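Working through the structure, step by step
One letter stands for each residue in the lines below.
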Amino acid sequence: MAYIDFVSEVHKSTKRDYIERVTSADKAECAAVAKKYGYDYWDGERKYGYGGYRYDGRWRSVAKKMADYYQLKDGQKVLDVGCGMAHLLYELTQVVPGLEVCGIDISEYAMEHAKEEVRNQLHVGQAQNIPYGDDEFDLVISLATLHNLKVYDLKKAIQEIERVTKKNSYIMVESFRNEREEVNMLYWQLTCASYYAVDEWEWLYQEWGYTGDYSFIFFED
């Protein structure tokens, strides 16, 4: 395993008011709505999720970094587990012409409103039951998804990612390194089911046989 940060630049571009998040609305009700992963989560009010998920090109730099690091080429296959509206997958096809991309996500709304250019390569599916064969992909990625699973499904998902990749994989989840980041994460999150510090995530990856790359996003002040 190797720690590689592809995503912090995008994550840090969004400003967050953690206190407002827990004082301006019924956080429990907002979380219940968010976990349906429908219109409200993606395109409804900010208190339920993204507050409008629009393509703005911000994932191009991440796609370029990934393509360079993993030396992606025409004809290779990439799977995104928890792809959402597939903006990153689309950017990968622009950075690496001829790259074959696939994506799964539990949100039917996201699949219906995904980037049109790659929409027919996406499917509703679960991370803990990836509907592809062994060693099918040159790279499997999962960004900001697996922390939404309870521990028993989390284990299955990590082992599924390991199963379907030929060699390379990359997982990014939410985590914390200190008390402040932990509190901020608890204030901000709506859908997390697995709350682990960095060393706990690393221990789990080793216990469950994950051999790919990984990183985290942190909720700093």
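For the structure itself, consult the block above.
The present account deals with the structure reproduced in this document.

So, how was this worked out
- Residues numbered from 1 in each chain as written.
- Predicted model: local features only at pLDDT ≥ 70, side-chain atom pairs only at ≥ 80, totals over all residues.
- Heavy atoms only, no water.
- Buried < 20%, exposed > 50% of the residue type's maximum accessible area, 1.4 Å probe, protein only.
- Helix = DSSP H or I, 4+ residues; strand = E, 2+ residues; numbered from the N terminus.
- Arc of directions from axis to C-beta.
- Contact = heavy atoms within 4.5 Å.
- Phe/Tyr/Trp six-rings, centres within 6.5 Å; stacked < 30°, edge-to-face > 60°.
- Lys NZ or Arg CZ within 6 Å of the ring centre and 35° of its normal.
- Salt bridge = Lys/Arg side-chain N within 4 Å of Asp/Glu carboxyl O.
- Core = buried A, V, L, I, M, F, W, Y, C linked by side-chain atoms within 4.5 Å.

A few words now on helix α10 (residues 198-207). Because an α-helix packs 3.6 residues into every turn, residues spaced three or four apart end up facing the same way. V198, W201, L204 and Y205 are the residues of α10 that are buried. Down the axis of α10, the smallest arc covering the buried residues is 125 degrees, so these residues share one side. Facing away from the buried surface of α10 by more than 90 degrees, the exposed residues are D199, W203, Q206 and E207. Each element contacted by the buried residues of α10 is listed here: α8 (151-164), β5 (165-174) and β6 (213-217).

Despite not being glycine, Q71 shows a phi value in the positive range, around 55 degrees. Assignment of secondary structure puts Q71 in the loop between α5 (60-70) and β1 (77-81). Exposure remark for Q71: the relative accessible area of 55% places this residue in the exposed category. One non-glycine residue, A86, lies in positive phi territory at about 65 degrees. With respect to the helices and strands, the residue A86 is situated in the loop between β1 and α6 (87-95). Given the relative accessible area of 0%, A86 is considered buried.

Another point: the packing of aromatic side chains. Counted according to the given criterion, the structure contains 23 aromatic pairs. Aromatic pair Y37 and Y41: ring centres 5.0 Å apart, planes at 80 degrees, arrangement edge-to-face. Judged by relative accessible area, which is 11%, Y41 ranks as buried. A ring pair is formed by W42 and Y53, whose centres lie 5.2 Å apart and whose planes are at 80 degrees; its orientation type is edge-to-face. Of this pair, W42 sits in helix α4 (residues 39-43) while Y53 is found in the loop between α4 and α5, placing the two residues 11 residues apart along the sequence. The burial state of W42 is the same as that of Y53; both residues are buried. One aromatic cluster is present, built from ring pairs that chain together Y3, Y196, W201, Y205, Y210, Y214, F216 and F218. In this arrangement the basic side chain of K115 is found over the ring face of Y90, its NZ or CZ atom lying 4.1 Å from the centre.

Let's shift gears to α6. With 7 of 9 residues buried, α6 lies mostly within the body of the structure. Buried residues in α6 make contact with α5, β1, β2 (100-105), β3 (122-124) and β4 (137-143).

In a structure, side chains of opposite charge can pair up when their charged atoms sit close to one another. Counted according to the given criterion, the structure contains 13 salt bridges. With a shortest N-O distance of 3.3 Å, E9 and K65 are connected by a salt bridge. Here E9 is found in helix α1 (residues 8-11), whereas its partner K65 is found in helix α5, with 56 residues between them in sequence. With relative accessibility at 32%, the residue K65 sits in the partly exposed group. A salt bridge links D56 to R58, with the nearest nitrogen and oxygen atoms 2.9 Å apart. Under the relative-accessibility criterion, D56 is labelled partly exposed at 46%. On the accessibility criterion, R58 (36% relative accessible area) is partly exposed.

Right, let's get into the nonpolar core. In terms of nonpolar packing, the biggest core is built from 44 residues, with M66, L72, L88, L92, L143 and Y170 touching the most fellow members. At the level of secondary structure, the elements contributing two or more residues to this core comprise α3 (27-34), α4, α5, α6, α7 (108-112), β4 and β5. Considering every element that reaches this core, the biggest residue donor is α5, with 5 residues. If near-sequence neighbours (up to four positions away) are discounted, L143 is found in contact with V7, W59, M66, D80, V81, G82, L88, Y170 and M172. Grouped together as the second largest cluster of nonpolar side chains are 28 residues, Y132, L154, Y196 and W208 included.

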